[in-house]
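Observations on the three-dimensional arrangement
This is what each chain is made of:
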Amino acid sequence: MNKSKDKRINRLKRKRIWPSVLGLCAILFLCSVVLTAILGITCFDIVQRKVIESGNHSMKIAQLYDGYEDKKLGDINESVSAYTKISSDIEAVRVVDKSDKLIWASSDRIPTSDQVLEFSTPNEDSETPVQLIIEEDSAQVFSVEEDGLGLAIRDDFFESIILSHIANTDDILGKDNKSILEFKIWIVVPMKELNVYVLHNVHIYDNDLFMLVMSMIVFAFLIAILALYYIISFISVIVSMRKTTKIVYTDMVTGGDNWLLFVKKATTLLKKNRKNNYNYAMLHFKMRKYRSFCTCFGVREGEELIEKLYCVLKKNITRKEAMAHHENAGFGLLVMYEDTKQLLNRISELERVLDDILPNMKMYFEVGVYQVESGELDVEQMYNNALIACELLGEEAENQVAFFDLEMNKQKMWERKVEDEMDRALQNEEFQVYLQPKINADREELGGAEALVRWIHPTEGFIPPNRFIPIFEQNGFILKLDDYMLENIAKQQAKWIEEGRKIVPISVNVSRAHFTREDLAEHICAIVDKYQVPHDVIELELTESAFFDDKNVLLDTVAKLRNAGFIVSMDDFGAGYSSLNSLKELQIDVLKIDADFFRGKDVEERGMLIVSEVIGLAKKLDMKIVAEGIESREQVDFLVEQECDLIQGYFFAKPMPIQEFAEKYSAI
């Protein structure tokens, strides 16, 4: 398979998954960002509220000492002690004056002096600045600023608290009021005459994180829905790709492996066999006359038969082999074999089991075989070689097997070369007209000639007709070539007439392919009349096989040509199987006896007897007789004795260029 075709098929099989993958990655990234933000904001808010609550308690305690000189300090201290007992978060209170002289303390716990940070509050109505320090050895100081609603925590406070002062990280879904985080802070409230230090043991309980937990659950639920959606999407794409691949690799007639999958499997098998552990052969297995079967029984029945053939062949191959339906009633098989004899036996066995599908009908098969060489991987080329071998088979034998060889490949390459260059050759007049004389049998003088084509190729040189005429007959180019030859002969006859030469009739072959058109007689007349040449100097040779195409068109065309003054002859008489029947219905002027009657010593006597009877029959039908392919004096003497009219063959002259012909027979 070529690369562009392979790419198109891969694009057909492959759906684009990357948009879904990118979408899922983007969703997960956004979700993680949002989740992190929610978690951070929520935790920050919880810590801030706890700290603000502690700050409020500190403010209340500090207010008890407002104007303490006018009051009894003992009563104040008792009130503070009572307040600390009520509040479980307050562990210690320490009151000092501006010179740091201790006025009163609930315990001996002392904050270090380097932890104090002086700052001003944003609240203009309050003259009381508030300070916050950490009760640990970290010496990190965090300021808390009073606002209208309470205390606002500094931006980097939460991060430091979380990183440095997590006391308990138990499961947040534990028991009620279970502390999951705690940290101790000194909140310092500076008064006019003194500073009030309050040590708070701040606890964050699982109940405090209820909203956070609920938010995370809801968010996790949404993420799960999105993830499920994309997972379902992935599964759907994968299933769709598998279905598409199945369709791409399914044969529409058999329902099994198609040719694409066969090529893929066969290539894989050959790659695994690089060490030549097995011998492989590529087979083109074809049922002959499949179209006739469809004509008799219907196209649907024909397709059902192909499906049955496929199933039987599939059962008769191993895992290390491959097979698939190719087209019509043809199948490709890559099979292993030990030697040629074993391979032929296996092919015979396959033919036998296939023939058993229709017990009441005989089926015929033809098989082209290409024996795979070491290291070969081009499955399409291998199968093409098997096809070439099969195409060169005849129709005689029942079941036929043909092995591909290099000569077959050369023949196909030659056919390709001929077809590529035939139009150019015609335009450049590489096809040249040769004339072979027809000699009067009794006087041995020129009585006519046959125009024969020769191809003078610029690089190949002289190419004999048998190397290109059969190709032209198959591809239809023979129609152009026949017109080219007829026009050249008409032009040459017109030239000789103008020069005052005595001319003889020259015969031109008319291929059987021409008789598909009903206006053939008018077409021939138009070509000849362009040069104003008398019609009786042109002889039109028809092959006997043309009689078995459209007989009515042939008979009508021959009648029109004879009425127009052309001489009509039948070429290769005796090469077919119904010659006498064609003589009965076809009105012709000249009968050319096929050269095969004069070849072969074993049949010479019988051939001469038949020729004698044919000449006598033609004379009675008022036809002239031309014997072609004559190569000996004995044959000439026999034909003279039988009163044959004209003799054509190598005994008198080979085909020659027009100029040489004109010089040799200058009397014309």
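What you see is a predicted model; the values in this text were computed from it and never measured.

Helix and strand counts for the protein come out as 19 helices and 22 strands. Residues classed as buried in the protein amount to 45% of the 668 residues present. At a minimum sequence separation of 6, the contacts of the protein that also span at least 24 residues come to 66%. Counting only carbon and sulfur atoms, one obtains 52% of the accessible surface of the protein, whose full area is about 36,600 Å².

This brings us to a negative patch on the surface. A cluster of acidic residues, Glu301, Glu303, Glu304 and Glu307, forms a negative patch on the protein surface. Position of Glu301 among the secondary structure elements: in helix 8 (residues 299-315).

Another point: the confidence of the model for the protein. In the predicted model, the protein carries a mean pLDDT of 78, and 81% of its residues have values of at least 70. Scored below 50 in pLDDT, residues 114-128 shows 36 contacts in the model against residues more than four places distant or in partner chains. Below pLDDT 50 for its whole length, residues 134-175 participates in 105 contacts with residues either more than four positions away or in separate chains.

Before going further, it helps to examine the packing of aromatic side chains. Tallied over the entire structure, the rule returns 18 aromatic pairs. Between Tyr370 and Phe404, the ring centres sit 5.5 Å apart and the planes meet at 65 degrees, which makes this aromatic pair edge-to-face. Residue Tyr370 is found in strand 11 (residues 365-371), and its partner Phe404 is found in the loop between strand 12 (400-403) and helix 11 (406-427); the two are separated by 34 residues along the sequence. By relative accessible area, which is 15% here, Phe404 ends up buried. Measuring from centroid to centroid gives 6.4 Å for Phe431 and Phe477, while their planes differ by 45 degrees, and the two rings are tilted. Taken together, the positions of Phe431 in strand 13 (residues 431-440) and Phe477 in the loop between helix 12 (469-475) and helix 13 (478-499) put the pair 46 residues apart, joining distant regions of the chain. Taken as a pair, Phe431 and Phe477 share a single burial class, namely buried. By way of ring pairs, the aromatic residues Phe431, Trp455, Phe468, Phe472 and Phe477 are connected into one cluster. We note Arg467 situated over the ring of Trp414; from NZ or CZ to the ring centre the distance is 3.9 Å.

Attention shifts here to empty space enclosed by the protein. A full pass over the atoms with the stated rule returns 2 cavities of 30 Å³ or more. Every residue along the wall of the largest cavity is listed here: Asp482, Asp483, Leu486, Val508, Asn509, Val510, His514, Leu520, Ile524 and Leu540. Elements represented by at least two residues in the lining of the largest cavity include exactly helix 13, strand 16 (506-510) and helix 14 (520-529). In this model, the second largest cavity occupies a volume close to 40 Å³. Around the second largest cavity sit Phe573, Leu580, Leu583, Leu591, Val614, Leu617, Ala618, Leu621 and Met623, which together line it. Elements supplying a minimum of two residues to the lining of the second largest cavity: helix 16 (579-585) and helix 17 (604-620).

Quick look at the pattern of salt bridges now. Once their charged atoms are close, side chains differing in charge can pair, the charge on each being opposite to the other. Within this structure, the stated rule accounts for 29 salt bridges. The closest approach of N and O atoms between Glu445 and Arg443, which form a salt bridge, is 2.8 Å. Accessibility expressed as a relative area gives 39% for Glu445, which makes it partly exposed. Residues Asp519 and Arg517 are paired through a salt bridge, measuring 2.9 Å at the closest nitrogen-oxygen approach. Its relative accessible area of 37% is what places Asp519 among the partly exposed residues. Here Arg517 falls in the partly exposed class, since its relative accessible area comes to 31%. It is possible to trace a salt-bridge network through shared partners that takes in Lys438, Glu450, Glu539, Glu541, Lys592 and Glu628.

The next point concerns the side chain of Ser58. Looking at the element boundaries, Ser58 is found in helix 2 (residues 18-64). Excluding residues within four positions of it along the chain, Ser58 makes contact with Ile187, Val189, Val198 and His200.

This next bit is on helix 3 (residues 73-86). An ideal rise of 1.5 Å per residue puts 20 Å on 14 residues; helix 3 measures up with 20 Å between its terminal C-alpha atoms. Along helix 3, the residues that are buried comprise Ile76, Asn77, Val80 and Thr84. Down the axis of helix 3, the buried side of the element spans an arc of 95 degrees, and every buried residue falls inside it. Residues of helix 3 that are exposed and point more than 90 degrees away from the buried face comprise Glu78, Lys85 and Ile86.

We now examine the layout of surface pockets. Over the atoms, a rolled probe matching the size of one water molecule traces out where space is still vacant. Volume-wise, the largest pocket comes out at about 1,000 Å³. The wall of the largest pocket is formed by 34 residues, among which Glu450, Leu452, Pro465, Asn509 and Asp571 lie closest to the centre. For the lining of the largest pocket, the secondary-structure elements that each account for two or more residues are strand 14 (446-457), helix 12, helix 13, strand 16 and strand 18 (567-573). By residue number, the principal contributor to the lining of the largest pocket is strand 14, which donates 5 residues. Split by residue class, the lining of the largest pocket holds 14 nonpolar, 9 polar and 11 charged.

Turning our attention to the nonpolar core. Membership of the largest hydrophobic core comes to 80 residues, with the highest contact counts inside it found for Phe431, Leu435, Phe468, Phe472, Leu591 and Leu639. What Phe431 contacts, discounting residues up to four positions off in sequence, is Met422, Ala425, Leu426, Val453, Arg454, Trp455, Phe468, Phe472, Phe477, Leu481 and Tyr484.

Mapped onto the fold, Val198 is located in strand 7 (residues 194-205). Owing to a relative accessible area of 0%, Val198 belongs among the buried residues under this scheme. Sequence spacing of Val198 and Val95 is 103 residues, and the spatial spacing of their C-alpha atoms is 8.6 Å. Dropping the residues within four chain positions of it, Val198 is found in contact with Ser58, Ile61, Ile90, Ala92, Val93, Ile185, Trp186 and Ile187.

What follows concerns the sheet that holds strand 9 (residues 322-327). Taking strand neighbours across the sheet as the criterion, the 5 strands line up as 9-10-8-11-12 in an open arrangement whose pairing is mixed. Strand pairing shows two members of the sheet lacking a second neighbour, strand 9 and strand 12, which therefore form its edges. The mean inter-strand angle of the sheet, taken between neighbouring strand axes irrespective of direction, is 25 degrees. Here strand 8 (residues 279-287) pairs with strand 11 via 7 bridges, running antiparallel. Within strand 11, the residue paired with Lys286 across the bridge is Glu366.

Bringing the pairing of strand 9 into the picture now. Regular strands place their side chains on alternate faces of the sheet. Relative to strand 10 (residues 330-337), strand 9 runs antiparallel, the two sharing 5 bridges. Within strand 10, the residue paired with Glu327 across the bridge is Gly330. Where strand 9 folds back on strand 10, the antiparallel hairpin that results is connected by 2 residues, among which Asn328 adopts a positive phi of roughly 50 degrees.

Angle between the axes and distance between the axes are the two parameters that describe a pair of packed helices. Here helix 7 (residues 290-297) crosses helix 8 at 130 degrees, and the two axes come no closer than 7 Å. In terms of axis orientation, helix 7 runs oblique to helix 8. Packed against helix 7, whose contacting residues are Tyr290, Phe293, Cys294 and Phe297, the element helix 8 presents Val299, Glu301, Gly302, Glu303, Leu305 and Ile306 at the interface. Of the residues contributing to the contact of helix 7 with helix 8, the split by class is 7 nonpolar, 1 polar and 2 charged.

Conventions adopted
Residues numbered from 1 in each chain as written. Predicted model: local features only at pLDDT ≥ 70, side-chain atom pairs only at ≥ 80, totals over all residues. Heavy atoms only, no water. Helix = DSSP H or I, 4+ residues; strand = E, 2+ residues; numbered from the N terminus. Buried < 20%, exposed > 50% of the residue type's maximum accessible area, 1.4 Å probe, protein only. Contact = heavy atoms within 4.5 Å. Areas by Shrake-Rupley, 256 points an atom, 1.4 Å probe, with all protein chains shown as cover. Patch = residues over 30% accessible without salt bridge, like charges linked within 9 Å, V, L, I, M, F, W, Y side chains within 5 Å. Salt bridge = Lys/Arg side-chain N within 4 Å of Asp/Glu carboxyl O. Lys, Arg positive; Asp, Glu negative; His and termini not counted. Charge placed at Lys NZ, Arg CZ, Asp CG, Glu CD. pLDDT = per-residue confidence, 0-100. Phe/Tyr/Trp six-rings, centres within 6.5 Å; stacked < 30°, edge-to-face > 60°. Lys NZ or Arg CZ within 6 Å of the ring centre and 35° of its normal. 1 Å grid on protein atoms, 1.4 Å probe; cavity = no way out; pocket = protein on both sides within 12 Å on 5 of 7 lines; lining within 4 Å. Points joined across faces, edges and corners; volume = space filled by probe spheres on them. Expected span 1.5 Å × (residues − 1). Arc of directions from axis to C-beta. Nonpolar A, V, L, I, M, F, W, Y, C, P; charged D, E, K, R; others polar. Core = buried A, V, L, I, M, F, W, Y, C linked by side-chain atoms within 4.5 Å. Pairing = 2+ DSSP bridges. Axes fitted to C-alpha atoms, helices over the stretch in contact; angles between N-to-C directions. Parallel < 35°, antiparallel > 145°, perpendicular 65-115°, else oblique.

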